[in-house]
Number of protein chains: 2
Amino acid sequence: MRNLTLLTDLYELTMMQGYFKTDNNRTVIFDAFHRKNPCDGAYAISCGLEQVIDYIKNLHFTEDDIAYLRSLSIFDEDFLEYLSNFHFTGDIYAIPEGTVIFPREPIVKVIAPIMEAQLVETAILNIINHQSLIATKAARVCYAAKGDGIMEFGLRRAQGPDAGIYGARAAVIAGCVGTSNVLTGQMFGVPVKGTHAHSWIMSFPDEYTAFKTYADLYPDACILLVDTYDTLRSGVPNAIRVFKEMREKGIDLKDYGIRLDSGDLAYLTKKARKMLDDAGFEDAIISASSDLDEYLIDSLKTQGAAITSWGVGTNLITSKDNPAFGGVYKLAAVMGDDGTFIPKIKLSENSEKITNPGNKTVYRVYDADGMIKADLIALADETYDESQPLLLFDPVETWKKTLMEPGEYSMREIMVKVFDKGECVYDSPNVMDIQKYCKQEQATLWDESKRLINPQVVHVDLSQKLYDLKQELLHNYGREKL
Amino acid sequence: MRNLTLLTDLYELTMMQGYFKTDNNRTVIFDAFHRKNPCDGAYAISCGLEQVIDYIKNLHFTEDDIAYLRSLSIFDEDFLEYLSNFHFTGDIYAIPEGTVIFPREPIVKVIAPIMEAQLVETAILNIINHQSLIATKAARVCYAAKGDGIMEFGLRRAQGPDAGIYGARAAVIAGCVGTSNVLTGQMFGVPVKGTHAHSWIMSFPDEYTAFKTYADLYPDACILLVDTYDTLRSGVPNAIRVFKEMREKGIDLKDYGIRLDSGDLAYLTKKARKMLDDAGFEDAIISASSDLDEYLIDSLKTQGAAITSWGVGTNLITSKDNPAFGGVYKLAAVMGDDGTFIPKIKLSENSEKITNPGNKTVYRVYDADGMIKADLIALADETYDESQPLLLFDPVETWKKTLMEPGEYSMREIMVKVFDKGECVYDSPNVMDIQKYCKQEQATLWDESKRLINPQVVHVDLSQKLYDLKQELLHNYGREKL
């Protein structure tokens, strides 16, 4: 396991030393949350928790790390000594991977002495921001494909090895049927797929020989790339010739077909479909790629493109139109001398940026059909009873209220405990199980909230108690601080 | 060193097995190049070669790797046996890191048996695409800052750990004065910087106490974050109070000042500058961040914002408006039975996508002032003599010609040999030396080509011999292939 302990911003360490030197290592609560969904969507998919857990478990400063920090001439020996014995001793709560999430909900909550809570900020955000971004993008792409398989194959355009490795993991969690990335396959047991490139075709004297050679080698997964020279005049006819020869040899054609990686995909796939059908290959797969994203897939579907399998590269693995998730990590409470938490709030001229104070959790509220009605951020010590009516209200326009009677709703707390006093108490499911869970999660979202453009916002309300606390802090703020 | 051998697309391995089974492991030449500069710029910065070298050196299939590939049920034992003894035996040429590059120039050229050349495609592209992207973006950001220091601090928004680690490396190469990323500092010996966050301020009873505590701890690098509560009414006055106390104590204020992370940076920094100046702190640094990129920095400069140091996060580390570099890896030649290379060309309806055939190299042509006049892609066996006139012509509009007389120009071949028969023959400079070289490189670009919007294109011409070869292949193509 890689040692990512120094994968942090220097200011985390200068602040840590500050707390160390002033003997001010109070227990605090930090929330990691996002303020806006990628791509103006109505939801996001939480992802990356397994790697956060690995990071926390493995957190330690090696002798080399200490020597490096000493070389910076800003850390004293007593602090370096402290670091050399450092391990994480706090509690962490999180929303499990693959869960549908909404802005301002704590995705990860860290309760720990401030020196520890501060050190882990950067890596937690890095990991959660990246994987939640790609999972969210992949969910959008899969939604556009309406049940067709989406292959992730963006490794060569990913922002470095990890972006390829963990981006493919996130893409599969959100619904991709597989990835081209062999290392991700090995590390996470997800399906890997791939056939050949244009260079395969070009390295043979002619296209037919290249196809035939490939078909002889891989008769059970024979997807032929038909656009190296001329898709309709050369590629598809040569593919049909090879499929005919395979059939004549008695090969049971199953997972076979063609792939296009360029050109007008709507026009070419409709023509290719007809050529394949006319030759008796009605079940041949037509796989397409070429700078696809959710919008282009949606458009090709509308145009009746005869594509049954989609390869998505750059635009998915970088979330090209929105390449950052924007998760932040904000102080929510500081333990007072009496051992109880004092809630903290961060003001901003922008109301959206005002934080929710205190030790919180998140409930999901479903309607009688099991669809998401709203989410409710509450204080962690609040309890709810489904046999009682539940009043939800908008935290800004508070006159917008919904009263739900018993039987009309159900609730589920979506945060789970992951670390208890530094010990991991959570087993990450394997990726394919998370994929299943994520599919169920997406099924609880209305289509109106999943649509690609101008989706219906899902309400995230505050409990009455949290709302009151927030108002109290807001109104007392000027007096206390300025 | 991490084993990234399986960081490849599955199709590289299925093609490899295809070449293995058909006993068709001819030596080939592949070029990695980009077709378009990021952000509609006129140039890019090559970056990532050191990591490519590490990857190639470390290329080997472990027993676990072989076992995993076996589990996929698509590879035969003889091929797996071959892989278990695999190492790279080819030649690699590359343009050194930090070099200014232009579209269609081979950044990396691989000459190797096709099985090897194919395997390494994905990782080479992944690494070069990522780091060249971030280096190019960072060069743009530094250009906008007109000599002010740019700090890279995007780790929390980077697309995974590597994107943060190697993105920061690339940013420093292109000119950033440092990074917040401690791990990058440790790995590459680059400056790391950072002070404190809003949480530091919020964890104290009041802002003044937070500042004073910080100043006591770090009197030599005292940059105070002034925007937690109210920048002009609270933050700056409290900072000035602390600076006065430091001065009264006889502390020699050097590397000190304020940092703003929100609000109207033009307005606030001008006001803050006046407040600091009026209090006798004319040399206090004003550092600013908040969703900055090259365009916003340029705008703030135009507005006369009093910022002397800039922190750039998300928009740099993800190259947000252009998050993929788009480098490709194309077959340029295949060795014939007689041991000479047969040039290969890939056609496309889009002329820009037609590849340059053959075994090539790249010359940079400078004018008498040492500024870049044009680049010349030539065949590797061509030689040039600066005592002779040099005729350059546009490879599309061939009537556009420039004749340069001896003394009016100089030339330099910008590709170097990196691997010779599998042995590394190149020492990567350290990052700070690459930064110096990259600064010199950028100084050879005209301002007109560096400007952010609508820059002057730098011409990349073909040698007469390469031009003739390309025309011949283009015109013979239809006959041969269809």
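Note that the structure is a prediction, hence the values are computed from the model and not measured.

### Things to note about the UniProt feature "domain: Nicotinate phosphoribosyltransferase C-terminal" (unreviewed entry) in chain A
Moving on, step 1. Mapped onto this structure's residue numbering, the UniProt feature "domain: Nicotinate phosphoribosyltransferase C-terminal" (unreviewed entry) falls at residues 359–470 of chain A.
Moving on, step 2. Secondary structure across residues 359–470 of chain A divides into 21% helix and 35% strand, with the first and last C-alpha atoms of the span separated by 12 Å.

### Remarks on the sheet that holds strand β6 (residues 149–152) of chain B
Residues and elements named next belong to chain B.
Moving on, step 1. Within the open sheet, the six strands sit side by side as β7-β6-β11-β10-β9-β8. Their pairing is parallel. Two strands close off the open sheet at either side, each with one partner strand: β7 (178–179) and β8 (221–225).
Moving on, step 2. Strand direction decides the pairing type here: strand β10 (residues 285–288) and strand β11 (residues 309–312), joined by two bridges, are parallel. Across the sheet, residue S287 finds its bridge partner in β11, namely S309.

### Describing the nonpolar core
Moving on, step 1. Among the nonpolar cores identified, the biggest contains 301 residues, and L69, F243 and I258 of chain A together with L69, F243 and I258 of chain B are the most heavily contacted of them.
Moving on, step 2. Apart from the residues lying within four places of it in its own chain, the contact partners of L69 of chain B are V182 of chain A together with L6, L13, F61, F75, L80 and L83 of chain B.

### Here we look at the relation of the copies chain B and chain A
Moving on, step 1. When chain B is fitted to chain A, the best match, at an RMSD of 0.0 Å, comes from turning it 180° and sliding it 0.0 Å along the axis. Both copies are brought into coincidence by an operation consistent with a two-fold rotation axis. Considering only C-alpha atoms, the part of chain B nearest the rotation axis is D162 of chain B, at 2.7 Å.
Moving on, step 2. A shared interface surface links the copies, since 99% of the contact residues of chain B are contact residues in chain A too.

### Things to note about the domain arrangement of chain A
Residue and element names in this part refer to chain A.
Moving on, step 1. Per the domain assignment, the segments making up chain A are domain 1 (10–134 + 323–481) and domain 2 (149–317).
Moving on, step 2. On the domain 2 side, the residues contacting the 18 residues of domain 1 number 21 residues.
Moving on, step 3. Buried area between domain 1 and domain 2, summed over both chains or domains, comes out near 1600 Å², and the portion from carbon and sulfur atoms is 66%.
Moving on, step 4. Three residues, I134, V431 and L452, lead the burial of domain 1 against domain 2; their summed loss comes to 38% of the area buried on that side.
Moving on, step 5. For the interface between domain 1 and domain 2, the tally reads two salt bridges.

### Describing the packing of aromatic side chains
Moving on, step 1. Counted according to the given criterion, the structure contains 38 aromatic pairs over all chains.
Moving on, step 2. Ring plane angle 50° and centroid distance 4.8 Å describe the contact between W200 of chain A and Y19 of chain B, whose orientation is recorded as tilted. One end of the pair, W200 of chain A, is in helix α9 (residues 198–202); the other, Y19 of chain B, is in helix α1 (residues 10–21), on a second chain.
Moving on, step 3. Taking 4.9 Å as the distance between ring centres and 85° as the angle between the ring planes, the aromatic pair formed by F243 of chain B and Y256 of chain B counts as edge-to-face. Residue F243 of chain B is found in helix α11 (residues 231–248), and its partner Y256 of chain B is found in strand β9 (residues 255–260); the two are separated by 13 residues along the sequence. Considered together, F243 of chain B and Y256 of chain B belong to a single accessibility category, that of buried residues.
Moving on, step 4. Seen from the ring of Y93 of chain A, K109 of chain A lies directly overhead, with NZ or CZ sitting 4.5 Å from the centre.

The rules behind the values
Residues numbered from 1 in each chain as written. Chains lettered and ligands numbered in written order. Predicted model: local features only at pLDDT ≥ 70, side-chain atom pairs only at ≥ 80, totals over all residues. Heavy atoms only, no water. UniProt positions renumbered as here; feature names shortened; annotations may be inferred. Helix = DSSP H or I, 4+ residues; strand = E, 2+ residues; numbered from the N terminus. Pairing = 2+ DSSP bridges. Core = buried A, V, L, I, M, F, W, Y, C linked by side-chain atoms within 4.5 Å. Buried < 20%, exposed > 50% of the residue type's maximum accessible area, 1.4 Å probe, protein only. Contact = heavy atoms within 4.5 Å. Least-squares fit on C-alpha atoms with pLDDT ≥ 70 in both. Domains from an automatic or database assignment. Buried area = accessible area lost by both parts, 1.4 Å probe. Salt bridge = Lys/Arg side-chain N within 4 Å of Asp/Glu carboxyl O. Phe/Tyr/Trp six-rings, centres within 6.5 Å; stacked < 30°, edge-to-face > 60°. Lys NZ or Arg CZ within 6 Å of the ring centre and 35° of its normal.

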